[in-house]
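Now for the letters of each chain:
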Amino acid sequence: MSEIPAPPWRAQRRSTPARKPLSRDAIVDAALALLDREGLDAVSMRRVAEELNTGAASLYAHVANKDELLELAYDRVLGEIELPEPDPARWREQILEIARESYRVLGAHSDIARVSLANVPTGPNSVKVAEAMLGVLISGGVPPQQAAWAVDRIALYISADAYEGSLYQSRQRASGKPVDEFVADFFGQVHDYYRTLPPDRFPYLNRYADVLVQGDGEVRFEFGLELLIRGLDRYLPAAD
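First, a word on scope: everything that follows refers to the structure included in this document. What you see is a predicted model; the values in this text were computed from it and never measured. (Residues numbered from 1 in each chain as written. Predicted model: local features only at pLDDT ≥ 70, side-chain atom pairs only at ≥ 80, totals over all residues. Heavy atoms only, no water.)

### As for the overall build of the protein chain
Then, number 1: From N to C terminus, the protein chain includes 12 helices and 0 strands.
Then, number 2: The N-to-C order of helical and strand elements in the protein chain reads α-α-α-α-α-α-α-α-α-α-α-α.
Then, number 3: For the protein chain, the C-alpha radius of gyration of 25 Å lies well beyond 18 Å, the compact-globule estimate for 240 residues.
Then, number 4: Dimensions along the principal axes, computed over C-alpha positions, put the protein chain at roughly 95 × 55 × 35 Å.
Then, number 5: Within the protein chain, contacts between residues separated by at least 24 positions form 65% of all contacts whose residues are at least 6 apart in sequence.
Then, number 6: In the form shown here, the protein chain has an accessible surface area of approximately 15,500 Å², with 54% of it arising from carbon and sulfur atoms. (Helix = DSSP H or I, 4+ residues; strand = E, 2+ residues; numbered from the N terminus. Rg over C-alpha atoms; globule rule 2.2 N^0.38 Å. Contact = heavy atoms within 4.5 Å. Areas by Shrake-Rupley, 256 points an atom, 1.4 Å probe, with all protein chains shown as cover.)

### Some points on a nonpolar patch on the surface
Then, number 1: The grouping of Tyr 204, Leu 205, Tyr 208, Val 211 and Leu 212 at the surface amounts to a nonpolar patch, some 490 Å² of accessible area in total.
Then, number 2: When contributions to the nonpolar patch are tallied by element, the ones reaching two or more residues are helix 10 (203-207) and helix 11 (209-212).
Then, number 3: Tracing the sequence through the fold places Tyr 208 in the loop between helix 10 and helix 11. (Patch = residues over 30% accessible without salt bridge, like charges linked within 9 Å, V, L, I, M, F, W, Y side chains within 5 Å. Salt bridge = Lys/Arg side-chain N within 4 Å of Asp/Glu carboxyl O.)

### Focus on unusual backbone geometry
Then, number 1: Even without being a glycine, Asn 53 presents a positive backbone phi close to 60 degrees.
Then, number 2: Summarising the element assignment, Asn 53 is placed in the loop between helix 3 (45-51) and helix 4 (56-59).
Then, number 3: A residue is classified by how much of its surface remains accessible, and Asn 53, at 58% relative accessible area, is exposed. (Buried < 20%, exposed > 50% of the residue type's maximum accessible area, 1.4 Å probe, protein only.)

### Brief notes about the side chain of Ser 159
Then, number 1: Position of Ser 159 among the secondary structure elements: in helix 8 (residues 144-175).
Then, number 2: On the basis of relative accessibility, which here comes to 5%, the residue Ser 159 falls in the buried class.
Then, number 3: Those residues in contact with Ser 159 that sit more than four places away from it in its chain are Tyr 74, Leu 106, Ala 113, Ser 116 and Leu 117.

### What to know about the packing of helix 2 (residues 24-38) against helix 5 (residues 66-78)
Then, number 1: Two elements in contact, helix 2 and helix 5, have axes separated by 9 Å at closest approach and are oriented at 80 degrees. The orientation of helix 2 with respect to helix 5, classified from their angle, is roughly perpendicular. Where helix 2 abuts helix 5, its residues Arg 24, Asp 25, Ile 27, Val 28, Asp 29, Ala 31 and Leu 32 lie against Glu 68, Leu 69, Leu 72, Ala 73, Arg 76 and Val 77.
Then, number 2: Within the contact of helix 2 with helix 5, the residues separate by chemical class into 8 nonpolar, no polar and 5 charged. (Axes fitted to C-alpha atoms, helices over the stretch in contact; angles between N-to-C directions. Parallel < 35°, antiparallel > 145°, perpendicular 65-115°, else oblique. Nonpolar A, V, L, I, M, F, W, Y, C, P; charged D, E, K, R; others polar.)

### Topic: the environment of Ser 23
Then, number 1: Mapped onto the fold, Ser 23 is located in the loop between helix 1 (8-11) and helix 2.
Then, number 2: Sequence separation between Ser 23 and Leu 59 is 36 residues; the distance between their C-alpha atoms is 8.5 Å.
Then, number 3: Among the polar contacts listed, one links the side chain of Ser 23 to the backbone nitrogen of Ala 26, at a separation of 3.1 Å. (Polar contact = N/O pair within 3.5 Å; in protein donor to acceptor, adjacent residues only side chain to side chain.)

### Description of the environment of Leu 59
Then, number 1: One can find Leu 59 in helix 4.
Then, number 2: Here Leu 59 is in contact with Leu 22, Ile 27, Met 45, Val 48, Ala 49 and Thr 54, once residues within four sequence places are set aside.

### Digging into the nonpolar core
Then, number 1: Ranked by internal contacts, the top residues of the largest apolar core, which has 50 residues, are Val 43, Val 48, Leu 69, Leu 106, Ile 112, Leu 137 and Ile 154.
Then, number 2: Of all the elements in the fold, those that place two or more residues in this core are helix 2, helix 3, helix 5, helix 6 (91-107), helix 7 (124-139), helix 8 and helix 12 (217-231). (Core = buried A, V, L, I, M, F, W, Y, C linked by side-chain atoms within 4.5 Å.)

### As for the layout of surface pockets
Here the idea is plain: a probe the size of a water molecule rolls over the atoms and shows the empty space left.
Then, number 1: Considering only enclosed or pocket space, the largest pocket measures out at about 840 Å³ in volume.
Then, number 2: Lining the largest pocket are 26 residues, with Tyr 103, Gly 165, Asp 216, Gly 217 and Glu 218 positioned closest to its centre.
Then, number 3: Among the elements of the structure, helix 6, helix 8, helix 9 (179-196) and helix 12 are those that each provide at least two residues to the lining of the largest pocket.
Then, number 4: Residues that form the lining of the largest pocket fall into these classes: 9 nonpolar, 8 polar and 9 charged.
Then, number 5: The volume enclosed by the second largest pocket comes to roughly 570 Å³.
Then, number 6: Lining the second largest pocket are 24 residues, and of these Tyr 74, Pro 121, Val 151, Ala 155 and Leu 156 sit closest to its centre.
Then, number 7: Within the residue set of the lining of the second largest pocket, elements represented by two or more residues are helix 5, helix 6, helix 7 and helix 8. (1 Å grid on protein atoms, 1.4 Å probe; cavity = no way out; pocket = protein on both sides within 12 Å on 5 of 7 lines; lining within 4 Å. Points joined across faces, edges and corners; volume = space filled by probe spheres on them.)

### Some details on the pattern of salt bridges
Pairing between side chains of opposite charge can happen when the charged atoms of each approach one another.
Then, number 1: Under the criterion given, the structure shown has 17 salt bridges.
Then, number 2: For Arg 47, the salt bridge goes to Glu 38, with nearest N and O atoms at 2.8 Å.
Then, number 3: Of the charged contacts, one joins Asp 185 and Lys 177 as a salt bridge, the two residues approaching to 2.9 Å between their closest N and O atoms.
Then, number 4: Note on Asp 185: relative accessible area 30%, which makes it partly exposed.
Then, number 5: Here the residues in one salt-bridge network are Arg 37, Glu 38, Arg 46, Arg 47, Glu 50 and Glu 51, joined through shared partners.

Laid out in structure tokens, this is it:
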């Protein structure tokens, strides 16, 4: 038996695709996609709602406000960090590995690192990272108080460095120059300025202008990280 054709006025109606149900995960996905494309300042409840083809009011059933959304997005990013099981014999290498991995992950998501500044992230992935760092340090012999402070200082160093790197990337994109050209021009100007300083008043900046601008962001990050980790050795119990 053949089907009865639909009346023409029905056939001419455009079918609207069913809208995917909203969820917290979908909202965080949209926020991260927007952040990766345009940066943290572009993320708002309205813009995220537009990404999801809905109204901003519908987001509030799942997320309290923009601050909570940013914390959720930050915690999602931290979930990309691979964490080791503490090995007392390798505690220095392991804390370096966590720091490098954290730096890489944060740097891959625009200026998301800014969310952690002047804040204490407490999401599930945030506490996993803190637990891993604390476990590595304490298992390696660093006293609990110094280990706790070290986790805070190392995390701050990573976030601040990653955030500063995102600011340089933003300037580079705005300049329209390739990365190498932008870096050479920017630090070349700094170098030339130091060399114009009166040597009788600024003998060190003038004389050592060359070395002051040496090393890219990763080289400088590694140097600072090494300083922090080596400083923990003084707190280790003296060997018998």
